[in-house]
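Tertiary structure, described
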Amino acid sequence: MSNESLWLSASPGAVQTGNWASLPLRSETCYVNSARSVPCGQGRISLYSAVVRKTKHIQAAVRFVKHNVRLAIKNTGHCYLGRSVAPDSLQILTHNFKGIEFVDDFKPKGCSNNTGYGPAVTISAGVQLKELSTTLGERNLTAVLGAAHTVGAAGGYIQGGGHSPLGPWKGMAADNALEFTVVSAKGEVVVANDFQNSDLFWALRGGGGGGS
């Protein structure tokens, strides 16, 4: 994986597929590899970016957009539908929201019995596939993940299904999701699993990602 992809994933003002940075309607383009002599317009790149590292940062950004501000969400910029950026918008950059936690016997919130799901890993929104794969390998564990190192493990990857070389054996990444903790459009923290907010849990495992 090139250093360019690593830089693009971390930068608020960049996406992995350059065409999504342009806005032909306004004749605005600004590519990373363009000559410095070429005028650089804003294009589809968000005007502002909230670089979040905690859940409360995301809540504050979501509550702010109630002031008729368009919202875009970027983790690594791999969304091939261009949803990591949007014209005249506020971007929530989750790339720096890191965290990986392991449990030996995971029990979803709201579960009324003592039956656990076995070993599981909980990740924050900004964890990339390479980071998660490396940490899993150190513990001699395996998860259903893709092969592109700079793709984010949460967000658009898993909500879009989550293709993996292990798919024929263990299904899609979404099939292996046990619980989501998300910030709603109202800025509230919501836990979704088989025992509470199950309709949202169903949607998060196949409704399509809001950005990657």
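A few points about the overall build of the protein chain
In terms of helices and strands, the protein chain carries 6 helices and 7 strands. When the helices and strands of the protein chain are listed from N to C terminus, the series reads α-β-α-β-β-β-β-α-α-α-β-β-α. What you see for the protein chain is a C-alpha radius of gyration of 18 Å, in line with the 17 Å of a compact globule of 212 residues. Principal-axis analysis of the C-alpha atoms gives the protein chain an extent of 65 × 40 × 25 Å. Residues classed as buried in the protein chain amount to 40% of the 212 residues present. Surface exposure of the protein chain reaches about 12000 Å², of which carbon and sulfur atoms provide 53%. Across the protein chain, 19 positive and 13 negative side-chain charges occur, with their mean positions spaced 7 Å apart.

A few points about the sheet that holds strand 1 (residues 48-51)
Ordered in space as 1-3-2, the 3 strands form an open sheet in which the pairing is parallel. For this open sheet the edge positions go to strand 1 and strand 2 (70-74), each flanked by a neighbour on one side alone. Averaged over all neighbouring strand pairs, the angle between strand axes comes to 25°, with direction disregarded. Strand direction decides the pairing type here: strand 1 and strand 3 (residues 89-93), joined by 4 bridges, are parallel. Looking at the pairing, A50 lines up with I92 of strand 3. This element, helix 2 (residues 55-64), spans strand 1 and strand 3 of the sheet and lies at about 165° to strand 3.

Some thoughts on the confidence of the model for the protein chain
Model confidence for the protein chain is summarised by a mean pLDDT of 91, while 96% of its residues fall at 70 or above. Element-level mean pLDDT values for the protein chain span from 88 in helix 1 (residues 3-10) up to 98 in strand 7 (residues 189-192).

Rules used throughout
- Counting restarts for each chain: residues are numbered from 1 in the order of the written sequence.
- Local features in a predicted model are, by the rule used here, given only for residues with pLDDT of at least 70; side-chain atom pairs are given and counted only at 80 or more, and totals for whole chains, interfaces and linings are based on all residues.
- Side-chain numbers here rest on the full set of heavy atoms in the structure, without hydrogens or water.
- Working definition: helices are DSSP H or I runs of at least four residues, strands are E runs of at least two. Numbering for both runs from the N terminus.
- Each radius of gyration is computed over the set of C-alpha atoms, and the globule rule expresses the reference value as 2.2 Å times the number of residues to the power 0.38.
- Any residue under 20% of the maximum accessible area for its type is buried, any over 50% is exposed, and the rest in between are partly exposed; the area is computed with a 1.4 Å probe on protein chains only.
- Throughout, the Shrake-Rupley method with a 1.4 Å probe supplies accessible areas, and for residues the shown protein chains are the sole cover considered.
- We score Asp and Glu as negative and Lys and Arg as positive, and we do not count His or the chain ends.
- The atoms used to mark charge sites are NZ of Lys, CZ of Arg, CG of Asp and CD of Glu.
- A pair of strands is labelled paired if DSSP reports no fewer than 2 bridges between them.
- The axes used here are C-alpha line fits, helices contributing only the stretch in contact, and every angle between their N-to-C directions lies in the interval 0 to 180 degrees.
- Any two residues whose heavy atoms approach within 4.5 Å at even a single point are treated as in contact.
- Each residue carries a pLDDT score, the predictor's confidence in it, ranging from 0 to 100.

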